[in-house]
Structure formats: structure tokens, C-alpha cells
Amino acid sequence: MTTTRTFSRVGRLSRGYEPAEVDAFFDAARAAYEREPGARKFKASDVREAAFHQVRGGYSTSEVDLALDRLETAFVRQERAENVAAKGQDQWLAMVADRATTLYGRLVRQPGERFRHPDGRGYRASEVDAFLDRLSAFFEDGGEMTADEVRYVTFSPARGREAYEEGVVDAFLSRAVEVLTAVE
């Protein structure tokens, strides 16, 4: 069963996500979430890693991205409910704690040395470090932070030793979103 989408399209000369790809992805995700027979198995990480080609007149990227964020949260909640029902709350929390420990190594490094420096352009290291200090406070002292804050953080561009490589930072932040979503 195909569902009609309500995503806005960008103008004919602007680029947005390929509608057929987006529709197929959301249809498959809905079928998986509703546990339809023969549906492909989905996890929250499948949603987080979703990528679509961009075409002229496609779907609004911001609208689709927001829907993906909500969908990821729904899958995390479903995974948590299934895990807690099968293994108990303590097992779920232990798994989340294990995932959180993968972040620790970067958080304890000295500012300016938490990630590789690019040959060219990257994220301004001082801004990334300040954000990671906030994230560290969340884990250590129960400071306040949400998955959405991590998801939507932006950093100014910089070059060389004043920057961190974007891909490595993005991968780290993706793992942080995974951990925060699991405990929200």
C-alpha cells in the first residue's frame, strides 16, 4: 500500500529530494514499523543513514529531514519497548551505557585535539570543542541536552589547525544522537 506524502515541493529550478525515493523509503519504513508481513526489517540507524538524490522540483529537504528525525525517534522507542519487554529495563540501560562509552574517548581529549585537522576546510574546532564540553557535562553531571540539539548544531567553517574534519565530527555527533534518543 502506497501512502500519499504531504511534503512540499521546492520550485522547478530549486533542488530537493527525489520524490519517488522518499516515498519508497517512507512506505518501506511504515510497513516495517507496523510489522506488515514480508516488510523489510528497519532500525533507527537505517533511518539516520537514509540518503536521497536531489533533483529539480523535488521534495523540501527540510520537511523530509524533520520527518526522518521523528521517524528515527519512533523506531528508537519501538526498539526500546521491545528490548525492555524481552530483557528488562536494566539490560536496555546497560546497552545504552555501552554505546555512550564509545563517545568518552573524544570527550576526554584536550580541546583542539579531539578530531583530525583537515588539509582544507572543516568545522571551527573551538566551536566543536565548546559543544563537546556541553555534551560531556550532560554525561558526567546530568546537564541538559537533547538529541535535537545535537542533530541541529551547526559550526562555522575554518581551515587547517583551526578546524576539525567534518566527516569525523558528523559521525561522532550521529552516535551522540543515537545515545541521547535512546534515553529520552
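Relevant structure appears above.
Values in this document were obtained by computation on a predicted structure and should not be read as measured data.

Student: What's the story with helix H1 (residues 19-33) in this structure? I'm lost.
Tutor: Turn by turn, an α-helix covers 3.6 residues, leaving residues three or four places apart pointing in a common direction. Helix length check: H1 (15 residues) gives 21 Å between terminal C-alpha atoms against 21 Å at 1.5 Å per residue, within 8%. Burial in H1 covers these residues: Pro19, Val22, Asp23, Phe25, Phe26, Asp27, Ala29, Arg30, Ala31 and Ala32. A distance of 2.9 Å separates the backbone nitrogen of Ala20 from a side-chain oxygen at the start of H1, and that oxygen is part of Glu18.

Student: I would appreciate a short explanation of the side chain of Glu178 in the present structure.
Tutor: Within the secondary structure, Glu178 sits in helix H7 (residues 166-183). A polar contact of 3.1 Å, which involves the side chain of Glu178, links it to the side chain of Arg99. Those residues in contact with Glu178, other than ones at most four positions away along the chain, are Arg48 and Arg99.

Student: When you look at the layout of surface pockets in this model, what are you seeing that I'm missing?
Tutor: Over the atoms rolls a probe the size of a water molecule, and in doing so it shows where empty space is left. If you add up the space inside the largest pocket, you get close to 600 Å³. Taken together, 21 residues line the largest pocket, and the ones lying closest to its centre are Arg48, Asp69, Arg151, Asp170 and Ser174. Of all the secondary-structure elements, those providing two or more residues to the lining of the largest pocket are helix H2 (44-48), helix H3 (61-87), helix H6 (147-151) and H7. What the second largest pocket holds in volume is close to 170 Å³. If you trace the second largest pocket, you find it lined by Ala32, Arg35, Glu36, Ala39, Arg40, Lys41, Phe42, Lys43, Phe75, Gln78, Glu79 and Glu82.

Student: Any chance you could explain the sheet that holds strand E3 (residues 121-124) here in plain terms?
Tutor: Spatial ordering of the open sheet is given by E4-E3-E5, a layout of 3 strands whose pairing is antiparallel. The open sheet has two free edges, formed respectively by strand E4 (157-159) and strand E5 (163-164), since each of these has just one partner strand. Here E3 runs beside E4; their pairing, made up of 3 bridges, is antiparallel. Note that in E4 the partner of Gly122 across the bridge is Ala158. Its contacts with the sheet put helix H5 (residues 125-141) on E3 and E5, and the angle it makes with E3 is roughly 40 degrees. Lying over the sheet, H7 contacts E3 and E5, oriented at roughly 45 degrees with respect to E3.

Parameters and conventions
Residues numbered from 1 in each chain as written. Predicted model: local features only at pLDDT ≥ 70, side-chain atom pairs only at ≥ 80, totals over all residues. Heavy atoms only, no water. Helix = DSSP H or I, 4+ residues; strand = E, 2+ residues; numbered from the N terminus. Expected span 1.5 Å × (residues − 1). Buried < 20%, exposed > 50% of the residue type's maximum accessible area, 1.4 Å probe, protein only. Polar contact = N/O pair within 3.5 Å; in protein donor to acceptor, adjacent residues only side chain to side chain. Contact = heavy atoms within 4.5 Å. 1 Å grid on protein atoms, 1.4 Å probe; cavity = no way out; pocket = protein on both sides within 12 Å on 5 of 7 lines; lining within 4 Å. Points joined across faces, edges and corners; volume = space filled by probe spheres on them. Pairing = 2+ DSSP bridges. Axes fitted to C-alpha atoms, helices over the stretch in contact; angles between N-to-C directions.

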